[in-house]
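# Residue-level structure breakdown
Residue strings, one per chain:
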Amino acid sequence: MARPAGPVSAVRHRLRAGGARLRHLPVLAATTLVVSLAAPTAASATDSIPAPTSAGHQQAVLAAKPYMGWSSWSLEATSYPGYGGVSWLTEAHVKEQADVVAAKLKSHGYEYINVDAGWVNGFDQYARPKPNATTFPHGMKSLGDYLHHKGLKFGLYLAVGLDPAAYGDGTTAIHDAPGCTTSDIVYPDLRKTNGWNSAYKMDFANPCAQKYIDSLADQLAGWGVDFLKVDGVGPGSAQGGADHDNTPDVKAWHTALQQAGRPVQLTLSWSLSHTQAATWKANSNGWRIDTDVECYCDTLVTWDNSLKVRWNDVVQWIDDAGPGHWNNLDSLNVGVGAMDGLTEAERQSYATLWAIESAPLYSGDDLTKLDAYGLKLLTNDEVIAVDQAGHPARPVSQTTNQQTWYARNPDGSYTVALFNLGSQAADVTADFADLGISGAASVRDLWQHKNLGRVSGHLTESLPAHGSRLFTFTPHRQGANPGTPLGVHGTSATSTSVSLAWDKVNTGASPVTRYTVYADGRPVTTSAGSAATVTGLSAANAHTFTVVARDAKGRTSAPSKAVGVTTPASGGPTAYEAEASGNTLTGNAVVADCDGCSGGQKVGNLGGGEVAVNHVSAPKDGTYLLKLDYVDGDSSRVIDLTVGDTTLQIPVPGTNDNNWGAPQSLTVPVPLKAGDNTLRFGNPTDYAPDIDKITV
């Protein structure tokens with residue numbers, strides 16, 4: 001389906017603009033979207049690690065590792081027979097799931113039991129949420145006590161903003177805040193906020209608003225809550241703009257939970273905008289990077305609905321994950337084949353991506369129906385160890401559906417995942433040169449618990465459609481020298497310069513203090529960081545670049561894999577507007593207005609359409625750096641770039657705020673022939689970003 005070039009016109013509840021379905025509860029009242037929170041009794045070893053304070057003492061880091069457990073939403077969201085809606089969410093059902101976690105999963109690290117939307121039924125005299133007395137007859141403190149008695153932790157849910165039912169007529173008092181009422185904590189015009197526009201935006205310029213959040217945190221802590229999920233947060237949740245800027249809410253919750261008297265993990269949802277990554281990192285323990293994984297159909301998930309997109313959506317967030325704050329990819333629904341809606345190969349790939357990204361591992365399945373394969377996936381301790389190590393992997397390349405992802409671990413080993421994201425069986429190869437491995441490595445298959453022996457040069461596996469393998473590579477040549485710089489790539493070029501970037505080296509006996517960049521075999525510049533610009537190059541010439549790391553003791557790494565770049569002709573690079581009259585638009589492609597775009601226009605509807613940028617000139621055959629200016633208000637989209645006989649699949653990161661008037665840019669190496677070239681941009685099978693211009 002083609003997406004309109006302009007702003008999305010439909011309001012989406014957890015809806016991926018690329019076609020994922022609406023999240024809805026058949027009988028969900030507005031009030032049930034309001035609250036659900038959690039707080040740990042005593043931070044367990046899986047939750048926290050000591051961190052030095054300014055006084056030299058140690059204090060616990062909450063969420064030192066990604067949390068593990070179970071969440072109710074997937075079973076509320078499905079139409080699988082016997083499930084779905086708030087009627088499924090009951091105290092009895094939650095306890096049933098908790099009993100299985102305690103009996104079968106707790107020994108592997110699973111401990112959180114998170115009650116999602118649907119537990120609230122009205123508000124008390126202080127505008128605080130009340131649990132549904134019919135479905136939770138013993139109340140939330142009793143449920144928390146039950147979970148804690150089993151050595152588990154208790155999570156609840158809250159939608160950002162003030163529910164209109166909590167506001168009442170504006171005269172409702174705020175607990176422990178004399179003189180404050182609900183009319184004091186919102187704007188006078190009662191403007192709406194959150195991903196569903198279902199709540200009043202709170203005005204934190206008035207101290208009463210913080211007092212209200214404090215009162216909620218105290219209430220939840222009194223129930224023994226260990227985990228809070230705040231949902232519908234913007235920018236994100238398919239919303240942007242001032243009314244959907246919930247960064248003050250997030251900061252208020254962070255402040256409130258610090259004084260609640262117990263450690264409480266705070267996770268934000270859904271599809272958070274990366275434009276505010278620093279705020280999320282400073283004030284929460286994690287964030288959903290994407291829309292719901294659920295398909296809102298008669299299974300829990302499907303591959304095409306919103307699972308496969310996560311391989312693209314997570315990439316811009318990889319460097320943001322770490323102790324205390326993790327990228328949340330949503331529920332891991334791989335435990336019950338009959339319900340999950342996936343093949344066994346897809347279930348393994350699903351679990352593999354979550355593990356290599358150090359995402360929280362929480363099942364959404366009915367755990368009372370775990371099948372043998374699902375239990376095997378969920379309890380593979382070698383795979384769980386990858387997740388809990390906290391070293392998120394990154395792709396070598398995403399220009400095809402056959403992909404290698406890797407993380408270089410501090411001990412010099414590598415976590416390596418091979419994925420075939422295509423719809424047909426295919427070979428997938430891990431090239432040792434891409435990983436900086438010279439010589440042989442010992443390889444262990446983590447899913448099969450098998451040592452595969454000594455491997456040199458590359459490892460190729462034949463994978464089924466949507467299949468995967470997960471390995472540990474341990475190079476035989478490991479010493480005190482720094483590791484080889486990885487991920488070296490060009491970021492921009494002029495006729496006389498090329499800028500490069502690479503991944504920071506994290507291995508070796510001593511920290512790396514300097515990188516030396518070589519051009520055509522000669523050292524040309526150094527950098528203390530992971531980027532540099534090489535100047536003094538000749539125009540319209542091919543150049544080869546490598547990078548060598550050096551530590552404080554003068555030890556050096558092996559050179560990086562060489563990267564070739566051809567510089568543009570004198571006076572280059574040249575910009576080409578997508579909407580220029582000399583270009584060719586086919587299919588659904590249209591020219592649309594764009595306030596932030598160059599020339600005030602862009603080309604959209606490239607899902608099912610195509611724009612051919614004609615007469616792109618190159619001085620000689622070579623690989624050139626193309627800067628692509630595009631617009632994507634979604635989580636990410638894919639544009640296919642075809643040059644001659646070569647088609648490159650290019651995933652582009654989005655802003656997750658539904659803003660289709662603010663361009664972003666990325667740099668792509670493209671092969672061009674001397675003279676005139678035509679570059680075609682489109683996506684025949686899925687939504688695509690809009691194109692502003694290219695510069696090459």
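Coordinates for the structure precede this section.
An account of the accompanying structure is given in this report. Treat the numbers as computed from the prediction; the structure is a model and nothing was measured.

With that settled, the discussion passes to the overall build of the chain. Along the backbone of the chain there are 14 helices and 40 strands. Relative to its length of 696 residues, the chain is compact, with a C-alpha radius of gyration of 26 Å against a globular reference of 26 Å. If one aligns the C-alpha atoms of the chain with their principal axes, the spans along those axes are about 75 × 60 × 55 Å. Long-range contacts, defined here as pairs at least 24 residues apart, represent 72% of the contacts in the chain between residues at least 6 apart. For the chain, the accessible area works out to roughly 24900 Å², and carbon and sulfur atoms hold 50% of it. The centroid of the 50 positive side-chain charges in the chain is displaced by 6 Å from the centroid of its 66 negative side-chain charges.

Any covalent bond linking the sulfur atoms of two cysteines counts as a disulfide. By the definition in use, this model includes three disulfides. The residue that forms a disulfide with Cys 180 is Cys 208, at a sulfur-sulfur distance of 2.0 Å. Linking Cys 180 and Cys 208, the disulfide has an S-S dihedral of approximately -70 degrees and is accordingly described as left-handed. Taken together, the positions of Cys 180 in the loop between helix H4 (164-167) and strand S8 (192-193) and Cys 208 in helix H5 (residues 207-222) put the pair 28 residues apart, joining distant regions of the chain. When sorted by exposure, Cys 180 lands in the same class as Cys 208, which is buried. Here Cys 594 pairs with Cys 597 through a disulfide, and the sulfurs are 2.1 Å apart. Linking Cys 594 and Cys 597, the disulfide has an S-S dihedral of approximately 60 degrees and is accordingly described as right-handed. The class for Cys 594 is buried, based on a relative accessible area of 2%. Given the relative accessible area of 6%, Cys 597 is considered buried. Once the disulfide-bonded cysteines of the chain are ranked by sequence position, their pairing pattern turns out to be 1-2, 3-4, 5-6.

Along the chain, the position of Leu 377 falls in helix H12 (residues 372-378). Sequence separation between Leu 377 and Val 334 is 43 residues, and the spatial gap between their C-alpha atoms is 7.4 Å. Apart from the residues within four sequence positions on either side, Leu 377 is in contact with Val 334, Arg 347, Gln 348 and Trp 447.

This part takes up the nonpolar core. Counting residues in hydrophobic clusters, the biggest one holds 112 residues, and the most contacted among them are Trp 119, Tyr 212, Trp 253 and Trp 405. Considering every element that reaches this core, the biggest residue donor is H5, with eight residues. The next biggest cluster of nonpolar side chains, apart from the first, holds 29 residues, and it includes Ala 578, Leu 648, Ile 650 and Val 668.

A separate point is the pairing of strand S5 (residues 120-123). Inspection of the sheet shows S5 paired to strand S6 (residues 129-131) by two bridges, in the antiparallel sense. Residue pairing in the sheet places Phe 123 in a bridge with Pro 129 of S6. Remark: five residues form the turn of the hairpin made by S5 and S6, two consecutive strands paired antiparallel; Ala 127 in that turn has positive phi of roughly 65 degrees.

Within this model, the second largest pocket holds a volume of roughly 540 Å³. In this structure, the second largest pocket is lined by 24 residues; those nearest its centre are Lys 308, Asn 401, Val 638, Gln 649 and Asp 686. Secondary structure elements with two or more residues in the lining of the second largest pocket: helix H8 (303-307), helix H9 (310-313) and strand S36 (636-643). When residues of the lining of the second largest pocket are assigned to their parent elements, the largest contribution, four residues, is made by S36. Residues that form the lining of the second largest pocket fall into these classes: seven nonpolar, eleven polar and six charged.

So, about the sheet that holds strand S29 (residues 563-566). Spatial ordering of the open sheet is given by S26-S25-S28-S29, a layout of four strands whose pairing is antiparallel. With partners counted over all chains shown, the strands left at the sheet margins are strand S26 (522-527) and S29, one partner each. For this sheet the average axis-to-axis angle between neighbouring strands, irrespective of direction, equals 30 degrees. Pairing geometry for strand S25 (residues 512-519) and S26, over five bridges, is antiparallel. Counted as the bridge partner of Ala 519 is Arg 522 from S26.

For the rest of this paragraph, the subject is the packing of helix H11 (residues 344-356) against helix H13 (residues 381-389). With their axes 7 Å apart at the nearest point, H11 and H13 run at an angle of 35 degrees to one another. Contacts between H11 and H13 involve Trp 354, Ala 355 and Ile 356 on the former and, on the latter, Val 383, Val 386 and Asp 387.

This paragraph deals with the sheet that holds strand S7 (residues 153-159). Strand order in the open sheet formed by eight strands is S13-S12-S11-S10-S7-S4-S3-S14, with parallel pairing between adjacent strands. Strands with a single pairing partner mark the edges of an open sheet, and in this sheet they are strand S13 (326-328) and strand S14 (361-363). Averaged over all pairs of adjacent strands, the angle between their axes in this sheet comes to 25 degrees, without regard to strand direction. Here S7 runs beside strand S10 (residues 227-231); their pairing, made up of five bridges, is parallel. Within S10, the position partnered with Leu 156 by the bridge is Leu 228. Contacts between helix H6 (residues 247-258) and the sheet are confined to S7, S10 and strand S11 (265-268), with S11 contributing the most and set at about 170 degrees to the helix.

The set of residues buried in helix H3 (residues 139-149) consists of Gly 139, Met 140, Leu 143, Gly 144, Leu 147 and His 148. At its buried positions, H3 is contacted by helix H2 (91-105), strand S4 (112-114), S6 and S7. Looking at the residues trailing H3, positive phi occurs at Gly 151, about 80 degrees.

This brings us to H11. Taking 1.5 Å as the rise per residue, H11 with 13 residues should run 18 Å; its terminal C-alpha atoms sit 18 Å apart, in good agreement. Most of H11 sits out of view: eleven of its 13 residues are buried. Considered for burial, the residues of H11 that qualify are Glu 346, Arg 347, Gln 348, Ser 349, Tyr 350, Ala 351, Thr 352, Leu 353, Trp 354, Ala 355 and Ile 356. Taken from the residues just after H11, Ser 358 is the one with a positive phi, measuring 50 degrees.

Attention shifts here to unusual backbone geometry. Glycine aside, a negative phi is what most residues show, and trans is what most peptide bonds show. Between Ser 269 and Trp 270 the backbone carries a cis peptide bond, its omega angle lying at -5 degrees. Here Trp 270 shows up in the loop between S11 and helix H7 (277-283). Put simply, Gly 572 and Pro 573 share a cis peptide bond, and its omega is 5 degrees. Within the chain, Ala 63 stands out as a residue other than glycine whose phi angle is a positive 60 degrees. Secondary-structure assignment places Ala 63 in the loop between strand S2 (58-61) and strand S3 (68-71). For Ala 63, a relative accessible area of 0% gives the class buried.

For the rest of this paragraph, the subject is the side chain of Arg 408. Looking at the element boundaries, Arg 408 is found in strand S16 (residues 402-408). The buried charged residue Arg 408 lacks any salt bridge, with Asp 503 as its nearest oppositely charged partner at 6.8 Å. Within the structure, the side chain of Arg 408 is placed 2.7 Å from the backbone oxygen of Thr 484, a separation counted as a polar contact. With near-sequence residues (within four places) excluded, Arg 408 lies in contact with Ser 413, Tyr 414, Gly 483, Thr 484, Leu 486, Val 505, Asn 506 and Thr 507.

Cut-offs and rules
Residues numbered from 1 in each chain as written. Predicted model: local features only at pLDDT ≥ 70, side-chain atom pairs only at ≥ 80, totals over all residues. Heavy atoms only, no water. Helix = DSSP H or I, 4+ residues; strand = E, 2+ residues; numbered from the N terminus. Rg over C-alpha atoms; globule rule 2.2 N^0.38 Å. Contact = heavy atoms within 4.5 Å. Areas by Shrake-Rupley, 256 points an atom, 1.4 Å probe, with all protein chains shown as cover. Lys, Arg positive; Asp, Glu negative; His and termini not counted. Charge placed at Lys NZ, Arg CZ, Asp CG, Glu CD. Disulfide = S-S within 2.5 Å. Buried < 20%, exposed > 50% of the residue type's maximum accessible area, 1.4 Å probe, protein only. Core = buried A, V, L, I, M, F, W, Y, C linked by side-chain atoms within 4.5 Å. Pairing = 2+ DSSP bridges. 1 Å grid on protein atoms, 1.4 Å probe; cavity = no way out; pocket = protein on both sides within 12 Å on 5 of 7 lines; lining within 4 Å. Points joined across faces, edges and corners; volume = space filled by probe spheres on them. Nonpolar A, V, L, I, M, F, W, Y, C, P; charged D, E, K, R; others polar. Axes fitted to C-alpha atoms, helices over the stretch in contact; angles between N-to-C directions. Expected span 1.5 Å × (residues − 1). Salt bridge = Lys/Arg side-chain N within 4 Å of Asp/Glu carboxyl O. Polar contact = N/O pair within 3.5 Å; in protein donor to acceptor, adjacent residues only side chain to side chain.

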